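Chains, contacts and geometry: an overview
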Amino acid sequence: MRFFIASIFSLILISGTLSTWGFYAHSLINRLAVFSLPEEMIGFYKPQIQYITENAVNPDRRRYAVEGEAEKHYIDLDFYGDSALQILPKYWNEAVEKFSEDSLRMNGIGPWSAYFTFLNLTKAFETKNSAAILRLSADLGHYIGDLNVPLHTTVNYNGQLTDQVGIHGFWESRVPELQAKDYPLWVGQAEYVNDPQQALWDAVAAAHTQVDSVLAIERELTKSFSPDQKFSYEERNNLTVRVYSREFTEAYALTLDSQIERQMKKSIKMIADFWFTAWVIAGQPDLSTFDQESIEEEIIVPDTKIKVREHDN
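Residues numbered from 1 in each chain as written. Predicted model: local features only at pLDDT ≥ 70, side-chain atom pairs only at ≥ 80, totals over all residues. Heavy atoms only, no water.

- An unreviewed UniProt entry annotates the chain as S1/P1 Nuclease originating from Algoriphagus locisalis.

In structure tokens form, the structure reads like this:
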């Protein structure tokens with residue numbers, strides 16, 4: 001399995017998707033989720049595994065091109081106070097009635113949006129729409145991955161409130177970039193999710209409990225590293241860029257006690273479970289009869305008028 005992960009790491013690195021769950025982690029997570037699918041599904045998904053892998057990053061690219069996309073990736077639970085999970089309705093219509101849609105969107109709609117994507121995927125299975133199945137599977141994988149990232153659940157999403165700017169990309173990009181090839185990421189076979197909507201909220205709740213450790217450990221560790229030890233410079237796409245040093249990254253990951261690995265594994269399992277559950281709810285259609293023609297690539301054109309909050313560095 002480690003050789004398998006390393007091969008995927010090399011493939012993604014060479015294909016240029018390593019960038020800023022960052023691009024590399026999203027691609028790897030979606031790819032590995034395919035291998036947890038049952039025999040009845042993997043015959044459809046595996047021939048399209050490159051599409052599932054590469055298009056895992058489309059929702060992030062869409063943030064800069066489609067109005068209303070950015071807020072689908074997070075939810076600032078602490079905006080609502082310590083009782084957020086008790087006062088926030090898990091059903092969208094009830095939440096809109098209680099807080100208004102504009103207010104909800106300002107603070108992130110991740111769990112509700114992921115559930116709507118899941119419903120659309122179920123519909124795509126029902127209508128035997130192969131292109132929609134693949135596109136929505138890739139999207140759903142991205143959104144579920146995001147909901148398992150602690151910093152996607154807090155107003156202090158990039159450490160900007162605690163003088164830790166850059167920690168978002170550090171946690172979800174730099175650490176996986178350097179270490180994920182050695183993670184044992186096999187998660188077993190996909191299982192049916194009895195209550196998908198509640199499962200999404202449970203994932204968000206679990207991720208949010210880890211926000212304090214993500215921030216506190218980086219803050220404490222920084223006291224033991226001088227700036228020139230904490231950061232270094234590397235060549236990326238013919239540019240010299242400032243990055244967290246390997247020594248600081250390794251120390252951070254070690255002190256986190258495999259937190260990032262656990263969240264990646266949780267994402268992989270959850271994505272496979274949700275794909276499987278959508279297929280089951282749709283009546284377990286025979287995917288071998290579905291069209292397997294190549295899928296058109298989504299054209300995403302950035303719009304400079306769209307303002308999104310940045311957290312990649």
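Don't stop here, the text continues.
**Some points on the overall build of the chain**
- Scanning the chain from terminus to terminus reveals 16 helices and two strands.
- Compactness check: the chain gives a C-alpha radius of gyration of 19 Å against a globular reference of 20 Å for 313 residues, within 12% of the reference.
- Judged by the C-alpha coordinates and their principal axes, the chain covers about 60 × 50 × 40 Å.
- Across the 313 residues that make up the chain, the buried fraction comes to 56%.
- Counting only carbon and sulfur atoms, one obtains 52% of the accessible surface of the chain, whose full area is about 14,400 Å².
- Between the centroid of the 28 positive side chains of the chain and the centroid of its 44 negative side chains there is a distance of 2 Å. (Helix = DSSP H or I, 4+ residues; strand = E, 2+ residues; numbered from the N terminus. Rg over C-alpha atoms; globule rule 2.2 N^0.38 Å. Buried < 20%, exposed > 50% of the residue type's maximum accessible area, 1.4 Å probe, protein only. Areas by Shrake-Rupley, 256 points an atom, 1.4 Å probe, with all protein chains shown as cover. Lys, Arg positive; Asp, Glu negative; His and termini not counted. Charge placed at Lys NZ, Arg CZ, Asp CG, Glu CD.)

**Section: the environment of Leu28**
- For Leu28, the location among the structural elements is in helix H2 (residues 23-34).
- Leu28 gets classed as buried once you look at its relative accessible area, which sits at 0%.
- It is 6.8 Å that separates the C-alpha atoms of Leu28 and Thr53, two residues lying 25 residues apart in sequence.

**As for helix H11 (residues 167-179)**
- At Ser173, H11 is bent by approximately 25°, the largest bend along its length, and proline Pro176 sits one to four residues beyond.
- Counted residue by residue, H11 has 13 buried out of 13 residues, so it is predominantly covered. (Bend = angle between axes of the 7 residues up to and from the residue.)

**Observations regarding the nonpolar core**
- One finds Tyr45, Phe125, Tyr252 and Trp275 to be the most contacted residues of the largest nonpolar core, which totals 83 residues.
- For this core, the element with the most residues is helix H16 (residues 259-281), which contributes 11 residues.
- Not counting residues up to four positions away in its chain, the partners in contact with Tyr252 are Ile167, Phe170, Trp171, Val175, Val214, Ile217, Glu218 and Leu221. (Core = buried A, V, L, I, M, F, W, Y, C linked by side-chain atoms within 4.5 Å. Contact = heavy atoms within 4.5 Å.)

**Section: the confidence of the model for the chain**
- Here the chain averages 91 in pLDDT, while 92% of its residues score no lower than 70.
- When the criterion is pLDDT under 50, residues 1-20 qualifies, and its contacts beyond four places in sequence or with other chains add up to 34 contacts. (pLDDT = per-residue confidence, 0-100.)

**Regarding the pattern of salt bridges**
- For the coordinates displayed, the defined rule picks out 16 salt bridges.
- In this structure, Arg105 and Glu101 form a salt bridge, with 2.9 Å as the shortest nitrogen-oxygen distance. Taken together, the residues Arg105 and Glu101, both in helix H8 (residues 101-106) and four residues apart, mark about one turn of the helix.
- Given a relative accessible area of 27%, Arg105 falls into the partly exposed group.
- For Glu101, a relative accessible area of 33% gives the class partly exposed.
- The partner of Lys230 in a salt bridge is Glu218, and the shortest N-O contact between them spans 2.7 Å. One end of the pair, Lys230, is in helix H14 (residues 227-230); the other, Glu218, is in helix H13 (residues 211-222), and 12 residues separate them in sequence. Accessibility classification places Lys230 together with Glu218 in one group, the buried group.
- Counted as one network, the salt bridges with shared partners bring together Arg62, Glu69, Lys72, Asp139 and Glu298. (Salt bridge = Lys/Arg side-chain N within 4 Å of Asp/Glu carboxyl O.)

**Examining the packing of aromatic side chains**
- Tallied over the entire structure, the rule returns 17 aromatic pairs.
- An angle of 20° between the planes, with centres 5.1 Å apart, marks the rings of Tyr45 and Trp275 as stacked. Pair noted here: Tyr45 is in helix H3 (residues 39-45) and Trp275 is in helix H16, with a separation of 230 residues, a long-range link.
- Overall, Trp275 belongs to the buried group, its relative accessible area being 0%.
- Site record: aromatic cluster; members linked through ring pairs are Phe170, Phe225, Phe231, Tyr244, Phe248 and Tyr252.
- Here Arg242 stacks its cationic end above the ring of Phe231, 3.6 Å away from the centre of that ring. (Phe/Tyr/Trp six-rings, centres within 6.5 Å; stacked < 30°, edge-to-face > 60°. Lys NZ or Arg CZ within 6 Å of the ring centre and 35° of its normal.)

**Observations concerning the pairing of strand E1 (residues 231-236)**
- Sheet analysis places E1 next to strand E2 (residues 239-244), joined by six bridges and oriented antiparallel. Note that in E2 the partner of Arg236 across the bridge is Leu239.
- Connecting the antiparallel pair E1 and E2 is a turn made up of two residues, with Asn237 showing a positive phi of about 50°. (Pairing = 2+ DSSP bridges.)

**Side note on the environment of Leu32**
- Mapped onto the secondary structure, Leu32 falls in helix H2.
- Using a relative accessible area of 5% as the deciding quantity, one classes Leu32 as buried.
- For the pair Leu32 and Lys265, spaced 233 residues apart in sequence, the C-alpha separation works out to 9.5 Å.

**Topic: unusual backbone geometry**
- Phi at Asn237 takes a positive value of approximately 50°, unusual for a residue other than glycine.
- Take Asn237: it is sitting in the loop between E1 and E2.
- Residue Asn237 is classed as exposed on the basis of its relative accessible area, which comes to 73%.
- The residue Asp257 is not glycine, and still its phi comes out positive at about 60°.
- For Asp257, the position within the fold is in the loop between helix H15 (246-255) and H16.
- We classify Asp257 as exposed; its relative accessible area is 54%.

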